[in-house]
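# Structural description and commentary
Each chain, letter by letter, is given below.
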Amino acid sequence: QVQLVESGGGLVQAGGSLRLSCAASGRTFRTYAMGWFRQAPGNERRFVAAIAWDGGRTYYTGSVKGRFAISRDSAKSMVYLQMNSLNPEDTAVYYCAAQVDARGTYYSAGAYNYWGQGTQVTVSS
């Protein structure tokens, strides 16, 4: 069983920054690929970013490339999402997800085994 707890969401003005954190349980955290997804009202949950189990590769959806950065600290069982140059379109509930066995993709929500409860990010114009 893996438990994920997100934090760091909040209200920020357009152009501002936030750093989301995800604390993970599980003794084999360092073997998990990790992802961030977001869901705006009326929309499906969508991929934002992912990081491979060893941190060697990262993946982003096109709209956040160059603005967001995913990282991990396996010694602390933490995953982070640094979000810069935020705009109102980034407003959503952000979810941390763990992929505990290789699924061949990082981009699909169905490829992840465990989810956090989400943290709200609101960007005002």
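In the block above lies the structure referred to throughout.
The structure displayed is predicted, hence computed values, not measured ones.

### Details of the sheet that holds strand β3 (residues 18-24)
- Spatial strand order, β1-β3-β8-β7: four strands in an open sheet with antiparallel pairing. The open sheet has two edge strands, β1 (4-7) and β7 (68-73), and neither has a second partner. Taking each pair of neighbouring strands and ignoring which way they run, the sheet shows an average axis angle of 15 degrees.
- Bridge count between β1 and β3: four bridges; the pairing is antiparallel. The residue of β3 that forms the bridge with Ser-7 is Ser-21.

### What about the pattern of salt bridges?
- Per the counting criterion, the structure on display carries three salt bridges.
- In this structure, the salt-bridge partner of Arg-38 is Asp-90, at a minimum N-O distance of 2.9 Å. In this pair, Arg-38 is assigned in strand β4 (residues 33-39) and Asp-90 in the loop between β8 (78-83) and β9 (92-99), connecting sequence segments 52 residues apart. Both residues of the pair, Arg-38 and Asp-90, count as buried.
- As a salt-bridge pair, Arg-103 and Asp-101 come within 2.9 Å of each other at their nearest N and O atoms.

### So, the state of the cysteines
- Going through the model one piece at a time under the given rule, you end up with one disulfide.
- Here Cys-22 pairs with Cys-96 through a disulfide, and the sulfurs are 2.1 Å apart. An S-S torsion of about -80 degrees defines the bridge between Cys-22 and Cys-96 as left-handed. Of this pair, Cys-22 sits in strand β3 while Cys-96 sits in strand β9; the two residues are 74 residues apart in sequence, bridging distant segments of the chain. Across the pair, Cys-96 and Cys-22 agree in class, each one buried.

### Some points on the pairing of strand β11 (residues 119-124)
- The side-chain alternation of β11 yields one buried face, formed by Thr-119, Val-121 and Val-123, and one unburied face, formed by Gln-120, Thr-122 and Ser-124.
- In the sheet, strand β2 (residues 10-13) pairs with β11 via four bridges, with the strands oriented parallel. Note on β11: the bridge partner recorded for Gly-10 is Val-121.

### Some remarks on unusual backbone geometry
- Even without being a glycine, Ser-77 presents a positive backbone phi close to 55 degrees.
- Of note, Ser-77 is situated in the loop between β7 and β8.
- Taking relative accessible area as the criterion, Ser-77 reaches 15% and is therefore assigned buried.

### Let's talk about the packing of aromatic side chains
- Throughout the structure, instances matching the rule amount to nine aromatic pairs.
- Centre to centre, the rings of Phe-29 and Tyr-32 are 6.1 Å apart; their planes meet at 80 degrees, and the pair counts as edge-to-face.
- Aromatic side chains Phe-37 and Phe-47 sit 5.7 Å apart centroid to centroid with 80 degrees between the ring planes, which places their arrangement in the edge-to-face category. With Phe-37 in strand β4 and Phe-47 in strand β5 (residues 46-51), the pair connects residues that are 10 residues apart, well separated along the chain. A single burial state applies to Phe-37 and to Phe-47, both of which are buried.
- The rings of Phe-37, Phe-47, Tyr-59, Tyr-95, Tyr-106, Tyr-107, Tyr-112 and Trp-115 are connected pair by pair, giving a single aromatic cluster.
- The ring of Tyr-95 has Arg-45 lying over it, and the distance from NZ or CZ to the ring centre is 3.6 Å.
- The ring of Phe-29 has Arg-72 lying over it, and the distance from NZ or CZ to the ring centre is 4.7 Å.

What counts, and at which threshold
- Residues numbered from 1 in each chain as written.
- Predicted model: local features only at pLDDT ≥ 70, side-chain atom pairs only at ≥ 80, totals over all residues.
- Heavy atoms only, no water.
- Pairing = 2+ DSSP bridges.
- Helix = DSSP H or I, 4+ residues; strand = E, 2+ residues; numbered from the N terminus.
- Axes fitted to C-alpha atoms, helices over the stretch in contact; angles between N-to-C directions.
- Salt bridge = Lys/Arg side-chain N within 4 Å of Asp/Glu carboxyl O.
- Buried < 20%, exposed > 50% of the residue type's maximum accessible area, 1.4 Å probe, protein only.
- Disulfide = S-S within 2.5 Å.
- Phe/Tyr/Trp six-rings, centres within 6.5 Å; stacked < 30°, edge-to-face > 60°.
- Lys NZ or Arg CZ within 6 Å of the ring centre and 35° of its normal.

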